[in-house]
Amino acid sequence: MGAIIYLLILALLKDYGHGEPQEGIAVYVFLGLLTSGATQQCLDIDECVESPDICGNWGTCRNTGCSYMCLCPNGFRNSGDRQTSCVDIDECNTDGVCGKRGICQNLIGSYWCECPAGFTNFGKNQNKCVELNCDQYETQPGQTLPGFDSFLSLLRNNCLVLNNSTLSGPTRPLPTGDVLLTLLVNTTDVLQLDLQSNGHRSSSEVTKLLKTIEISIRLIAPLLTENVTRIETNHTDVEILVRRDKTPPKGPVSLTNENTQLDTTWETVIGDYQNYQGFAFVVLLSYKNLDSLKDTTSRQNLQLMSSALTVSVSNSNTTNLPQLINLTFNHLQSSDVDPTCVYWSDENGPGVWSELGCTSVMSNSNQTVCSCSHLSTFALLKGIHQKKGTGQLSLVMWGGVFVALTCVVLSLITTLWCRFVSRKRRGGNRLKQDVQLHRK
């Protein structure tokens, strides 16, 4: 385009100069036009420099070359389009942001939830307020397992502080969730050592242990500061995964330790999304030395083929899960016997191993994968189906013996009857012969 303009200028100058070439003049004229055009172009105005408050007190102005935009931090939004100032978002206008009983207080760029007595958000001011029952941590003489008295008293004290209840006497600084979890693991270790030293306890004591661990975890997990917490000792291995998202997390979740792997989903962990509390947790706790964990009500010689483990989640309704969970057990010893997937049930008594709701989906000599529709304490057992088969064999055997004996008795009766009839007939014939001989 520039070359064409240059040739036109040169042609005009030739006409003006009677045909004489005027290349030098043409060059000067062409450069003058270019300079004049450049001075008439638009220059960018940096609105961020000329108007420092153009995005308000909380926004950040970003120059975009021919325009600008206002970037707002969390808790703020543009009052109109992206070029308007940033204003505070009133989160309290959102229904249920603090739960059913929580009171929302709006702050500049944030908010906090005030929980009434009996409710808590576990020290996280933007979590929903949930009801917290502290009576379950109350200890009774002779009703608490050895070593758990002081631990449960500590949990109850924490619980009362968290749910804004009035405590008598001075209060001490609350231990963190990490400290409480360490105390729980240490207390569980001591009890496992006691089981090894003194032998098997009753089924009711086993049920009491598992329930104590369950209620303890539900209070401790929301207090943990890290997203992943892992503690492993010679007797206990526990891993807790915690998510604190504004919206409920989704997708698969997996926890693994030395002897077991848990595979589930965040949808199962949370349950009803409408009751999402602002956090979710999933726990995998494995007992390494509970090989003698048996139900005393069973007369069968049942043997554990895996470590027993407890699975717990933030969802309180875990009796009938919408999605099955998968548990992969490593066998304590290599075995070609197909084990049975079981869980500890205390619904109809002090506690028994039950197969209800759990099935084996894969098994080899070293591993077994169980699929279950509920949560509890799980394990692999050897002996259930074998004992059932032995019982059925015994029943068939005794049935065969009874039939054989019946046949023998009937055979003897028949033989004796036949002999009796035969002798009677022979006696009658001899009498007739004697009569005939006498007449002759």
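Worth saying up front: this structure is predicted, and the values here are computed from it rather than measured.

Colleague: Explain the overall build of the protein here, please?
Modeller: A count of helical and extended segments in the protein gives eight helices and 21 strands. Contacts in the protein between residues far apart in sequence, at least 24 positions, make up 59% of those at least 6 positions apart. When the accessible surface of the protein is summed, it comes to about 26,100 Å², and 54% of that surface belongs to carbon and sulfur atoms.

Colleague: I'm lost on the environment of Thr-225 in this one. Help?
Modeller: Tracing the sequence through the fold places Thr-225 in the loop between α6 (203-220) and β9 (228-232). With relative accessibility at 51%, the residue Thr-225 sits in the exposed group. Thr-225 has contacts with Asp-178 and Arg-244, leaving out every residue within four places of it along the chain.

Colleague: I keep staring at the pattern of salt bridges and nothing clicks. Help me out?
Modeller: Where side chains of opposite charge bring their charged atoms close, a pairing between them can arise. What the rule picks out here adds up to six salt bridges. Taking the shortest distance from any N to any O, the salt bridge between Glu-258 and Lys-288 comes out at 3.9 Å. Highlighted residues: Glu-258 in the loop between β11 (252-256) and β12 (260-265) and Lys-288 in the loop between β13 (280-287) and β14 (303-304), separated in sequence by 30 residues. Each of Glu-232, Glu-258 and Lys-288 takes part in one network of salt bridges that share partners.

Colleague: Is there a simple way to think about the side chain of Thr-236 in this case?
Modeller: One can find Thr-236 in strand β10 (residues 236-243). On the accessibility criterion, Thr-236 (1% relative accessible area) is buried. A distance of 2.6 Å separates polar atoms of two side chains, one belonging to Thr-236 and the other to Asp-189. Once you skip the residues sitting within four places of it in the chain, Thr-236 turns out to touch Val-185, Thr-188, Asp-189, Gln-192, Ile-231, Leu-285, Ser-286 and Lys-288.

Colleague: When you look at the layout of surface pockets in this model, what are you seeing that I'm missing?
Modeller: Empty space among the atoms becomes apparent when a probe as large as a water molecule is rolled across them. Of the voids in this model, the second largest pocket is the one considered here, and its volume is about 250 Å³. Along the walls of the second largest pocket sit 14 residues, with Gln-136, Glu-138, Gln-143, Leu-152 and Thr-212 positioned nearest its centre. Counting residues per element, the lining of the second largest pocket draws most heavily on α6, at four residues. In the lining of the second largest pocket, the residues fall into four nonpolar, six polar and four charged.

Colleague: Please clarify how the state of the cysteines should be interpreted in this entry.
Modeller: Each disulfide is one covalent bond, formed between the sulfur atoms of two cysteines. This model, assessed by the stated rule, comprises nine disulfides. At a sulfur-sulfur separation of 2.0 Å, the disulfide partner of Cys-98 is Cys-113. In this structure, the disulfide formed by Cys-98 and Cys-113 twists by about -80 degrees around the S-S bond and is classed as left-handed. Of the two residues, Cys-98 is situated in the loop between β4 (86-88) and β5 (103-107) and Cys-113 in strand β6 (residues 110-114); the sequence distance between them amounts to 15 residues. Judged by relative accessible area, which is 3%, Cys-113 ranks as buried.

Colleague: Would you explain the packing of aromatic side chains in this entry?
Modeller: How two aromatic rings sit relative to each other is given by the distance of their centres and the angle of their planes. Counted according to the given criterion, the structure contains four aromatic pairs. Taken together, a centroid distance of 5.7 Å and an interplanar angle of 85 degrees make the contact between Phe-122 and Phe-279 edge-to-face. Taken as a pair, Phe-122 in the loop between β7 (119-120) and β8 (130-131) and Phe-279 in the loop between α7 (266-270) and β13 lie far apart in primary sequence, 157 residues in all. Side by side, Phe-122 and Phe-279 carry an identical accessibility label, which is buried.

Colleague: Would you mind going over empty space enclosed by the protein with me for this structure?
Modeller: This model, assessed by the stated rule, comprises two cavities of 30 Å³ or more. Taken as a whole, the second largest cavity spans an internal volume of roughly 30 Å³. Lining the second largest cavity, in full, are Leu-262, Thr-264, Thr-268, Val-311, Val-313, Leu-321, Ile-325 and Leu-375. Listing elements by their share of the lining of the second largest cavity, those giving two or more residues are β12 and β15 (308-313).

Colleague: For this particular structure, what's the right way to read the pairing of strand β19 (residues 358-363)?
Modeller: Two faces make up the sheet, and in a regular strand the side chains alternate between them. Taken together, the five bridges between β19 and strand β20 (residues 367-372) define a ladder with antiparallel strand orientation. Note that in β20 the partner of Ser-360 across the bridge is Cys-370.

Colleague: Help me out: how do you make sense of α6 in this one?
Modeller: Residues lying three or four places apart along an α-helix face the same way, a consequence of the helix completing one turn every 3.6 residues. Taking 1.5 Å per residue, 18 residues should reach 26 Å; α6 reaches 26 Å between its end C-alpha atoms and fits that length. Among the residues of α6, Ser-203, Val-206, Thr-207, Leu-209, Leu-210, Thr-212, Ile-213, Ile-215, Ser-216, Ile-217, Leu-219 and Ile-220 are the ones counted as buried.

Colleague: Looking at this model, I keep getting lost on the sheet that holds β12. Mind explaining?
Modeller: Remark on secondary structure: sheet strands pair via backbone hydrogen bonds, oriented parallel or antiparallel. With antiparallel pairing, five strands are arranged side by side in an open sheet as β11-β12-β16-β20-β19. A strand with exactly one partner marks an edge of an open sheet, and here the two such strands are β11 and β19. With direction set aside, neighbouring strand axes in the sheet form an average angle of 20 degrees. The pairing of β11 with β12 spans five bridges and is classified as antiparallel. Opposite Val-253, over in β12, you have Thr-264 as the bridge partner.

Reading guide: rules and limits
Residues numbered from 1 in each chain as written. Predicted model: local features only at pLDDT ≥ 70, side-chain atom pairs only at ≥ 80, totals over all residues. Heavy atoms only, no water. Helix = DSSP H or I, 4+ residues; strand = E, 2+ residues; numbered from the N terminus. Contact = heavy atoms within 4.5 Å. Areas by Shrake-Rupley, 256 points an atom, 1.4 Å probe, with all protein chains shown as cover. Buried < 20%, exposed > 50% of the residue type's maximum accessible area, 1.4 Å probe, protein only. Salt bridge = Lys/Arg side-chain N within 4 Å of Asp/Glu carboxyl O. Polar contact = N/O pair within 3.5 Å; in protein donor to acceptor, adjacent residues only side chain to side chain. 1 Å grid on protein atoms, 1.4 Å probe; cavity = no way out; pocket = protein on both sides within 12 Å on 5 of 7 lines; lining within 4 Å. Points joined across faces, edges and corners; volume = space filled by probe spheres on them. Nonpolar A, V, L, I, M, F, W, Y, C, P; charged D, E, K, R; others polar. Disulfide = S-S within 2.5 Å. Phe/Tyr/Trp six-rings, centres within 6.5 Å; stacked < 30°, edge-to-face > 60°. Pairing = 2+ DSSP bridges. Expected span 1.5 Å × (residues − 1). Axes fitted to C-alpha atoms, helices over the stretch in contact; angles between N-to-C directions.

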